[in-house]
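Here are the chains, one letter per residue:
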Amino acid sequence: MNAPTPASELSALERTQRQSQIVQALLAVLPPHALLWHSEDTTPYECDGLTAYRQRPLAVALPETEAQVQAVLKACHALGAPVVARGAGTGLSGGAMPHPLGVTLSLARFNQIKSIDVTSRTAVVQAGVRNLAISEAAAPYGLYYAPDPSSQIACTIGGNVAENSGGVHCLKYGLTVHNVLKVRGFTIEGELVEFGSEALDAPGYDLLSVLIGSEGMLAVTVEVTVRLIPKPQLARCIMASFDDMRKAGDAVAAVIAAGIIPAGLEMMDKPMTIAVEAFVHAGYDLNAAAILLCESDGTPEEVEEEIGRMSEVLRQAGATAIAVSRDEAERLRYWSGRKNAFPASGRLAPDYMCMDSTIPRKRLADILAAIAQMEEKYQLRCLNVFHAGDGNLHPLILFDANDPDQLHRCELFGADILETSVAMGGTVTGEHGVGVEKLNSMCVQFSPAENAQMLGLKRAFDPKSLLNPGKVIPTHNRCAEYGKMLVRSGQISHPDLPRF
């Protein structure tokens, strides 16, 4: 496989010459206003929501048509230039961080909702359409798009496809993979490909499920057909307070064990609720060690019955207080706090790193206790918010990226959370992707043989490894070096991975 030349092997002159070569090739297929290459123009693209790691690309392409996307990919393939597709840049794992010798392919101008079919309850949208814009367009028909990441006001459907994004209502309505019917895109060679079908099933292998969550390594998405669902007649939200984190964690398991699948089931610890309340004034209980937000939706009769059942389960689990939203404004206020957890945390430190692991629901209290010990170990604060219903953790580690020591301790802290999650029977990522952030932790989760199988799948789509190279799948050498580092630090006694 012909891999891109490492940036470290090129001199400044060679890099300039390479940039000139790529720019000339792309100006032959793009209008001048659709290509950026001066440093002041490419700097805004140097990172995504994971701001600790930055790198400028040689050029940024902003195509406006599918033909232009195809032409850009063909030109880059011919030159052996890496390509990193980018949506709104709201990702949190470095998945859209540019390649230093490559091209960032922005889909920002693919922002049209092409059609809404009320009869089939589907919408066909371009990759750059904002998540929330789909629901706004479908609202007059009494429909909406269910996956609702906290960044839904800005994040794009193409990015959601790349990361298999979820949201606070994913427990009942599923992730992106459960709400997308079809994806159109291009391979690195410029070949038009379609995955999935608007019919009940698609012929051949289920490659749609392979593409969704592949983090831009297999194809560049340009168009998505999504499933729309009817807006519920009524939704109400419970805010339950607990004086102990373990009681709150056990309450989550108790709700599911009772046969209840809430529309949303979220959890926040006290430091997070304090940060959020100061930011949006959501009406949270600041005396609670943890709060749960439990939502019910459906007909008024269904909601009343489910709210009653959930309230009783929460009381039996040890809730010290239960408040139920009295109207739609109060329900939205409760959720505004949860959806603003990240910006609220951003007010407390220059930087934060948001982790994203999953664990069995019954281990929620255990992982929180472990994270509390890690705060002492690494001398950094951590605020915790969870998609508690499906065991998806989002600890936010506060630090200053301008301080190399703090950045290093933050990286160790994050890796410790991920690897502890694996030890508890979980995974290193739930919905934010691997990107560059979790490469080392992938060495812990998967064996060299398993990583090789994933790499083999990538090669089937991208033989030269030009689409988002160097991310998601760690190399054998990287895992070996990581194992040696763990030995030197005394965390393990031998370098064989995975650890657990």
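Analysis parameters
- Numbers given to residues run from 1 along each chain, matching the order in which its sequence is written.
- Residue-level local features of this predicted model are given only where pLDDT is at least 70; pairs of side-chain atoms are given and counted only at 80 or more, and the full residue set underlies all totals for whole chains, interfaces and linings.
- Note: side-chain values were computed over all heavy atoms of the structure, leaving out hydrogens and water.
- Only protein chains enter the accessibility calculation, which uses a 1.4 Å probe; a residue is then buried when its area is under 20% of its type maximum, exposed when over 50%, and partly exposed in between.
- Strands here are runs of E lasting at least two residues and helices are runs of H or I lasting at least four, both read from the DSSP assignment and numbered beginning at the N terminus.
- Two strands qualify as a pair provided that DSSP identifies no fewer than 2 bridges between them.
- To define a nonpolar core, start from buried Ala, Val, Leu, Ile, Met, Phe, Trp, Tyr and Cys residues and group those joined through side-chain atoms within 4.5 Å.
- Throughout, a contact is declared for two residues whenever any of their heavy atoms are within 4.5 Å.
- The angle between two axes is taken between their N-to-C directions and runs from 0 to 180 degrees, where each axis is a line fitted to C-alpha atoms and a helix contributes only its stretch in contact.
- Each angle is binned into one of four classes, with values under 35 degrees roughly parallel, values over 145 roughly antiparallel, values of 65 to 115 roughly perpendicular, and all other values oblique.
- By definition, turning the near helix anticlockwise from the far helix through less than a right angle yields a left-handed crossing, and turning it clockwise yields a right-handed one.
- Just so you know the grouping, Ala, Val, Leu, Ile, Met, Phe, Trp, Tyr, Cys and Pro go in nonpolar, Asp, Glu, Lys and Arg go in charged, and all remaining residues, Gly too, go in polar.
- Whenever a pair of cysteine sulfur atoms sits within 2.5 Å, that pair is classed as a disulfide.
- Whenever Lys or Arg places a side-chain nitrogen within 4 Å of a carboxyl oxygen from Asp or Glu, that contact is recorded as a salt bridge.
- Paired rings are identified among Phe, Tyr and Trp, the last through its six-membered ring, by centres lying within 6.5 Å, and are further divided according to the angle between planes into stacked (under 30 degrees), edge-to-face (over 60) and tilted (the rest).
- Working rule for helices: expected span equals 1.5 Å times residues minus one.
- Here the arc refers to the directions that run from the helix axis out to each C-beta atom.
- Two N or O atoms form a polar contact when they lie within 3.5 Å of each other; inside protein one atom must be a possible hydrogen donor and the other a possible acceptor, and for residues adjacent in sequence the pair counts only when both atoms belong to side chains.

### Details of the pairing of strand β19 (residues 392–399)
Phase 1 of the analysis: Taking burial as the measure, the 8 residues of β19 include 8 buried ones, the bulk of the element.
Phase 2 of the analysis: Burial along β19 is two-sided: the face carrying Asn392, His394, Leu396 and Leu398 and the face carrying Leu393, Pro395, Ile397 and Phe399 are both buried.
Phase 3 of the analysis: Sheet topology note: the strand β16 (residues 351–354)/β19 ladder contains 4 bridges and is antiparallel. Pairing of Asp351 across the sheet is with Phe399, part of β19.
Phase 4 of the analysis: Pairing of strand β17 (residues 357–358) with β19, which is carried by 2 bridges, proceeds in the antiparallel orientation. Its bridge partner being in β19, Ser357 is matched across the sheet by Leu393.
Phase 5 of the analysis: Bridge count for strand β18 (residues 382–387) against β19 is 6 bridges, and the pairing is antiparallel. Pairing of Cys382 across the sheet is with Ile397, part of β19.
Phase 6 of the analysis: The turn linking β18 back onto β19 is made up of 4 residues, and Gly391 within it adopts a positive phi angle of 70°.

### Some words on the nonpolar core
Phase 1 of the analysis: Core analysis: the biggest nonpolar cluster contains 78 residues, and Val180, Val226, Met267, Leu292, Leu314 and Phe413 have the highest contact counts within it.
Phase 2 of the analysis: The element contributing the most residues to this core is helix α14 (residues 364–378), with 7 residues.
Phase 3 of the analysis: Leaving out residues up to four positions away in the same chain, Leu292 has contacts with Ile238, Met239, Ala240, Phe242, Ala248, Ala251, Val252, Glu266, Met267 and Leu314.
Phase 4 of the analysis: The next biggest cluster of nonpolar side chains, apart from the first, holds 28 residues, and it includes Val23, Val69, Leu107 and Val220.

### With respect to the packing of α14 against helix α15 (residues 404–423)
Phase 1 of the analysis: One can describe the packing of α14 onto α15 by two numbers: an axis separation of 10 Å at closest approach and a directional angle of 160°. Taken together, the axes of α14 and α15 lie roughly antiparallel to each other. Relative to α15, α14 is oriented so that their crossing is right-handed. Across the interface between the two elements, Ile367, Ala370, Ile371, Met374, Glu375, Lys377 and Tyr378 from α14 touch Arg409, Leu412, Phe413, Asp416, Ile417, Thr420 and Ser421 from α15.
Phase 2 of the analysis: In terms of residue class, the contact of α14 with α15 is built from 8 nonpolar, 2 polar and 4 charged.

### Examining the sheet that holds strand β4 (residues 103–106)
Phase 1 of the analysis: One open sheet accounts for 4 strands, arranged β1-β2-β4-β3; its pairing is mixed. Whereas interior strands pair on both sides, the edge strands pair on one side only; in this sheet they are β1 (35–36) and β3 (83–86).
Phase 2 of the analysis: Against the sheet, helix α3 (residues 66–79) engages β2 (59–61), β3 and β4, with an angle of about 165° to β4.

### Observations concerning the state of the cysteines
Simply put, disulfide is the name for a covalent bond between the sulfur atoms of two cysteines.
Phase 1 of the analysis: In this structure the tally under the stated criterion is 1 disulfide.
Phase 2 of the analysis: The disulfide bridge from Cys443 ends at Cys479, spanning 2.2 Å between sulfur atoms. Torsion about the S-S bond of the Cys443 and Cys479 cystine: about -85°, corresponding to left-handed handedness. Here the residue Cys443 occupies a position in helix α16 (residues 439–445), and Cys479 occupies one in helix α18 (residues 476–488), the gap between them amounting to 36 residues.
Phase 3 of the analysis: Taking the relative accessible area as the measure of exposure, Cys479 reaches 10% and is therefore buried.
Phase 4 of the analysis: Free of any disulfide, Cys294 has its nearest cysteine sulfur in Cys237, 7.1 Å distant.

### Comments concerning the pattern of salt bridges
Phase 1 of the analysis: For the coordinates displayed, the defined rule picks out 24 salt bridges.
Phase 2 of the analysis: A salt bridge links Asp366 to Arg246; the shortest N-O distance between them is 2.8 Å. Residue Asp366 is found in helix α14, and its partner Arg246 is found in helix α9 (residues 245–257); the two are separated by 120 residues along the sequence.
Phase 3 of the analysis: With relative accessibility at 40%, the residue Arg246 sits in the partly exposed group.
Phase 4 of the analysis: Residue Glu330 pairs with Arg333 through a salt bridge whose shortest N-O separation is 3.7 Å. A residue pair is termed a helical-turn pair when its members lie 3 or 4 positions apart in one helix, as Glu330 and Arg333 do in helix α12 (residues 328–339) at 3 residues.
Phase 5 of the analysis: By relative accessible area, Arg333 is classed as partly exposed at 34%.
Phase 6 of the analysis: Salt bridges sharing common partners tie together Glu66, Lys114, Lys182, Arg184, Glu194 and Glu223.

### Remarks on the environment of Cys382
Phase 1 of the analysis: Its place among the elements puts Cys382 in strand β18.
Phase 2 of the analysis: Placed 14 residues apart in sequence, Cys382 and Leu396 show a C-alpha to C-alpha distance of 5.4 Å.
Phase 3 of the analysis: Those residues in contact with Cys382 that lie beyond four places of it in its chain are Asp269, Ile371, Glu375, Pro395, Leu396, Ile397 and Phe413.

### Considering the packing of aromatic side chains
Phase 1 of the analysis: Scanning the model with the defined rule gives 4 aromatic pairs in all.
Phase 2 of the analysis: Between Tyr144 and Tyr173 the ring centres are 6.5 Å apart and the planes differ by 80°, which places this aromatic pair in the edge-to-face class. Of this pair, Tyr144 sits in strand β7 (residues 143–144) while Tyr173 sits in helix α6 (residues 170–173), and the two are 29 residues apart along the sequence.
Phase 3 of the analysis: Since its relative accessible area comes to 21%, Tyr173 is described here as partly exposed.
Phase 4 of the analysis: Between the aromatic rings of Tyr378 and Phe413, the centroid separation amounts to 5.3 Å while the plane-to-plane angle is 20°, which identifies the pairing as stacked. A residue pair is termed long-range when its members are at least 10 positions apart, and Tyr378 in helix α14 and Phe413 in helix α15 qualify at 35 residues.

### Looking at α9
Phase 1 of the analysis: Taking 1.5 Å per residue as the helical rise, α9 with its 13 residues ought to reach 18 Å, and the 19 Å between its terminal C-alpha atoms agrees with that figure.
Phase 2 of the analysis: Buried within α9 we find Met245, Ala248, Gly249, Ala251, Val252, Val255 and Ile256. Buried residues of α9 fall within an arc of 150° about the axis and therefore sit on the same side.
Phase 3 of the analysis: Tucked into the core, α9 has its buried residues touching α6, β12 (234–242), β13 (264–269), β14 (290–298), α11 (300–316) and α14.
Phase 4 of the analysis: Capping of α9 at its N-terminal end is provided by Asp244; its side-chain oxygen lies 2.9 Å from the backbone amide nitrogen of Arg246.
Phase 5 of the analysis: Where α9 ends, the next residue or the one after it, Gly259, has phi of about 80°, a positive value.

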